[in-house]
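Inside the fold
Residue-level listing of the chains:
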Amino acid sequence: MVARASQLFLPTLREPPADAEAASHRLLVRGGFIRQVGAGLWTFLPLGWRVHQKVVQIIREEIDAIGGQEMLEPVLTPAELWETSGRIGIPIVFKLKDRAGRDYVLPFSHEETMTFHARELQSYKQLPQLWYHFSTKERDEPRPRGGLLRVREFIMKDSYSFDRDEAGLDRSFEAHRGAYERIWERCGLDAYYVEAESGIMGGRESSGFMAPAESGENILVRCENGDYYADYDAARGIPRSPDFPDRLDPPEEIETPGVATIEALADFLGIDPAATSKAMPVMVGERPVLALIRGDDRLSEEKLVTVLGEAYRPMTDDEIRAVFGAGGGSLGPAGVTIDVVADEALREGQFVAGANRDGWHLRGVQAGRDYNPEFADIRQANAGDTCPLCGGKLLEEPAIELGHIFKLGTFYSVRFGATFLDEEGQEKPLVMGSYGIGPARTMAAIVEQHHDDDGIEWPASVAPYDVHIVVIPGLEEHAQSIAETLSAAGFDVLVDDRDARAGEKFADADLIGCPVRVTVGRKIAEDGTVDVRERTKGDDKAVSVGELVSIVREMLG
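The paragraphs below set out a description of the structure included in this document. (Residues numbered from 1 in each chain as written. Predicted model: local features only at pLDDT ≥ 70, side-chain atom pairs only at ≥ 80, totals over all residues. Heavy atoms only, no water.)

1. So, the overall build of the protein chain
- In terms of helices and strands, the protein chain carries 14 helices and 32 strands.
- Dimensions of the protein chain, computed from C-alpha atoms along their principal axes, come out at roughly 95 × 65 × 50 Å.
- In the protein chain, which comprises 557 residues, the share counted as buried stands at 53%.
- In the protein chain, the share of contacts with a sequence separation of at least 24, taken over all contacts with a separation of at least 6, comes to 69%.
- Accessible area of the protein chain: about 24200 Å², with a carbon and sulfur share of 47%.
- Mean positive and mean negative side-chain charge positions of the protein chain (60 and 95 charges, respectively) differ by 2 Å. (Helix = DSSP H or I, 4+ residues; strand = E, 2+ residues; numbered from the N terminus. Buried < 20%, exposed > 50% of the residue type's maximum accessible area, 1.4 Å probe, protein only. Contact = heavy atoms within 4.5 Å. Areas by Shrake-Rupley, 256 points an atom, 1.4 Å probe, with all protein chains shown as cover. Lys, Arg positive; Asp, Glu negative; His and termini not counted. Charge placed at Lys NZ, Arg CZ, Asp CG, Glu CD.)

Okay, here's the thing in structure tokens:
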């Protein structure tokens, strides 16, 4: 096809938005690919939509190749489905009522709706099934930023596998892993397969794919030896050993007036902050739970959600006082009657903890003797921790989460009564997986990894057009003839036939970033040649019109 810039809605800009920090934000706005409507709300202009849909098509082809069946679920969803799953209370869920007062949800994912339909599956003979769709999602994101990196509305490909057992789920999971790796390769992205947390999605296991990028909204944790990769929320690291005080038996109360933080406690007692414990009281529905981590650590909220099996919220001051009999700065696990989830780092040793009495702490608190917790990895790993695989040092770098794949197991199917009959006629719950990719975020990641000071350098697989023809005024007929020849050879062509200075056209060509630029200038009349340039190389090459198709084909690979 041939498109003429003079007829396109292509509003390029010389300056980026004042709030644009990410390269993708700056360049996609300047290049006329996207425009902001509101906080976290973006319109894809014609150029941007072409790129978006090329990413979509790559995803579609790879999911079809592993047996995916494309369908479409509604965005407006009855709230009962989310009440059934237990996810209705998640803060990022958009909720609304219709004119009759009925409650609805605008989903950020479609596990509930897909499981609702999966109830029509009846027999093991119908399994496995793999369903997917591209659908608009809504997320009540409190801090949208970064252009397409953190938004409130977006299109996502989410696919769902339904199997009879865990072995089948493992096969579906690995099939998606392979499909995703092919998608990133076709999009020209460098991406790592990483450990991840299931969090609010539910289920027992998940993995993600992350693309290193300076403006990334996520943090990639990796071992210096290259054998371990994880999302920040899921990363496992071995912390340094604390410098413990002398052991005590039993614990000893000590008055700590006005001490309400770990730093103040360590200073007051003259001890290593790592030899203290930090209490994080939360409510899981109506159930109080005490999460406990080492004093020098941070809680991983995603890990805790996975351990608890559902979302939680911090206790209010009144709830803390009612459960513990003390304020938030003096809480500890000794003597409490509620469930305690303690980080693995607290398994060995004696720690200073709150005494559940205002202005007092306990020295020498020991798990297993003074309290009996459920142990789990709920700490946030840190740069400098020891790698759990090889003992190397963990490093951190910014990255973009491209996709996430989840082993949901029976988390949703049990709640929705989605079952099948096996060979013996026994009713069993479907075993599910969920797999997501955001084409817009993928598009932004491509820009983050493929740009220079002048603009975007699109890989040929997702570029808005294959060839960008820049026309010197007066040579429009030559340019049109060349464009039609290239189009007939199967290339998508953008002809810049605007009444603008040559320098402006060249600048826009670099900004927009099509893989090949053809300049139709005076030489076309003198010796029948045009200048051809690969966007990533920047050198012009004189090529005869007769050789142009073969040269362009070679450049595009």
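Read on for the rest.
2. Observations regarding the pattern of salt bridges
- Overall, the coordinates contain 46 salt bridges when judged by the stated rule.
- In this structure, a network of salt bridges that share partners links the residues Asp452, Glu457, Asp510, Arg517, Arg533, Arg535 and Asp540. (Salt bridge = Lys/Arg side-chain N within 4 Å of Asp/Glu carboxyl O.)

3. Some points on the side chain of His52
- Topologically, His52 is positioned in helix α2 (residues 46-65).
- Among the residues examined, His52 registers a relative accessible area of 1% and is labelled buried.
- If near-sequence neighbours (up to four positions away) are discounted, His52 is found in contact with Phe44, Ile155, Pro439, Ala440 and Met443.

4. With respect to unusual backbone geometry
- In this model, Leu127 is joined to Pro128 through a cis peptide bond whose omega is 5 degrees.
- Take Pro128: it is sitting in the loop between α4 (111-118) and β8 (129-138).
- Cis geometry is adopted by the peptide bond preceding Pro250, which originates at Asp249 and carries an omega value of 5 degrees.
- At Asn356, a position not held by glycine, the phi torsion is positive, near 55 degrees.
- Looking at the element boundaries, Asn356 is found in the loop between β19 (350-354) and β20 (360-366).
- When its relative accessible area of 14% is taken as the criterion, Asn356 is described as buried.

5. Focus: the sheet that holds β19
- Spatially, three strands are ordered β14-β20-β19 in an open sheet, and the strand pairing comes out antiparallel. Single-partner strands in this sheet number two, and they are β14 (252-255) and β19. Averaged over neighbouring strand pairs, the angle between their axes works out to 30 degrees when direction is ignored.
- Bridge analysis of β14 against β20 gives four bridges, and the strand direction is antiparallel. When the sheet's bridge partners are listed, Ile254 is paired in β20 with His361. (Pairing = 2+ DSSP bridges. Axes fitted to C-alpha atoms, helices over the stretch in contact; angles between N-to-C directions.)

6. A word on the pairing of strand β32 (residues 540-544)
- Across five bridges, the pairing between strand β31 (residues 529-534) and β32 is antiparallel. In the strand pairing of β32, Val530 is matched with Val543.
- From the end of β31 to the start of β32, which pair antiparallel, there are five residues, and Gly538 there has a positive phi angle of about 85 degrees.

7. Comments concerning the environment of Arg182
- Inspection of the secondary structure assignment puts Arg182 in helix α5 (residues 166-186).
- C-alpha separation for the pair Arg182 and Ile59, spaced 123 residues apart in sequence, amounts to 9.1 Å.
- Those residues in contact with Arg182 that sit more than four places away from it in its chain are Glu62, Ile66 and Ala175.

8. Notes on α4
- Of all eight residues in α4, six are buried; the element is thus mostly enclosed.
- Every buried residue belonging to α4 is among Glu111, Glu112, Thr113, Met114, Thr115 and Ala118, and all of these are buried.

9. Section: helix α14 (residues 548-556)
- Taken together, the buried positions of α14 are Leu548, Val549, Ile551, Val552, Met555 and Leu556. An end-on view of α14 places all buried positions within 165 degrees of arc, on one side of the element.
- Looking at the buried side of α14, the elements it contacts are β28 (467-471), α11 (476-488), β30 (516-520), β31 and β32.
- Of the residues one or two after α14, Gly557 is the one with positive phi, at around 75 degrees. (Arc of directions from axis to C-beta.)

10. What to know about the nonpolar core
- In this structure, Leu28, Phe33, Tyr180 and Trp458 are the most contacted members of the largest nonpolar core, which totals 56 residues.
- With seven residues, α2 is the largest single contributor of residues to this core.
- Beyond its immediate chain neighbours, meaning those up to four positions away, Leu28 contacts Phe33, Ile34, Leu148, Met443, Val447, Ile456 and Trp458. (Core = buried A, V, L, I, M, F, W, Y, C linked by side-chain atoms within 4.5 Å.)

11. A closer look at the sheet that holds β28
- What the six strands build is an open sheet, ordered β1-β29-β28-β30-β31-β32; its pairing is mixed. In the strand order of this sheet, the two ends are held by β1 (2-4) and β32, each with one partner. Within this sheet the neighbouring strands show an average axis-to-axis angle of 25 degrees, counted without direction.
- Where β28 lies against β30, five bridges are found, and the strand directions are parallel. What sits directly across from Val467, in β30, is Val516.
- Lying over the sheet, helix α12 (residues 502-512) contacts β28, β29 (493-496) and β30, oriented at roughly 170 degrees with respect to β28.

12. With respect to the side chain of Glu112
- Within the secondary structure layout, Glu112 lies in helix α4.
- Apart from the residues lying within four places of it in its own chain, the contact partners of Glu112 are Leu81, Trp82, Ser85, Arg87, Tyr412 and Phe416.

13. A short note on the packing of α2 against α5
- Between α2 and α5, the shortest axis-to-axis distance is 9 Å and the interhelical angle comes to 150 degrees. Classified by the angle between their axes, α2 and α5 sit roughly antiparallel to one another. Handedness of the α2/α5 crossing: right-handed. The segment α2 lies against α5, with Ile58, Ile59, Glu61, Glu62 and Ile63 engaging His176, Ala179, Tyr180, Arg182, Ile183 and Arg186. (Parallel < 35°, antiparallel > 145°, perpendicular 65-115°, else oblique. Left-handed = near helix turned anticlockwise from the far one by under 90°.)

14. Looking at the packing of α11 against α14
- Here α11 crosses α14 at 55 degrees, and the two axes come no closer than 10 Å. By the criterion of interaxial angle, the relationship of α11 to α14 is oblique. Pair α11 / α14 crosses with right-handed handedness. Between α11 and α14, the contacting residues are Ile482, Thr485 and Leu486 on the first element and Leu548, Val549 and Val552 on the second.
- By residue class, the composition of the contact of α11 with α14 is five nonpolar, one polar and no charged. (Nonpolar A, V, L, I, M, F, W, Y, C, P; charged D, E, K, R; others polar.)

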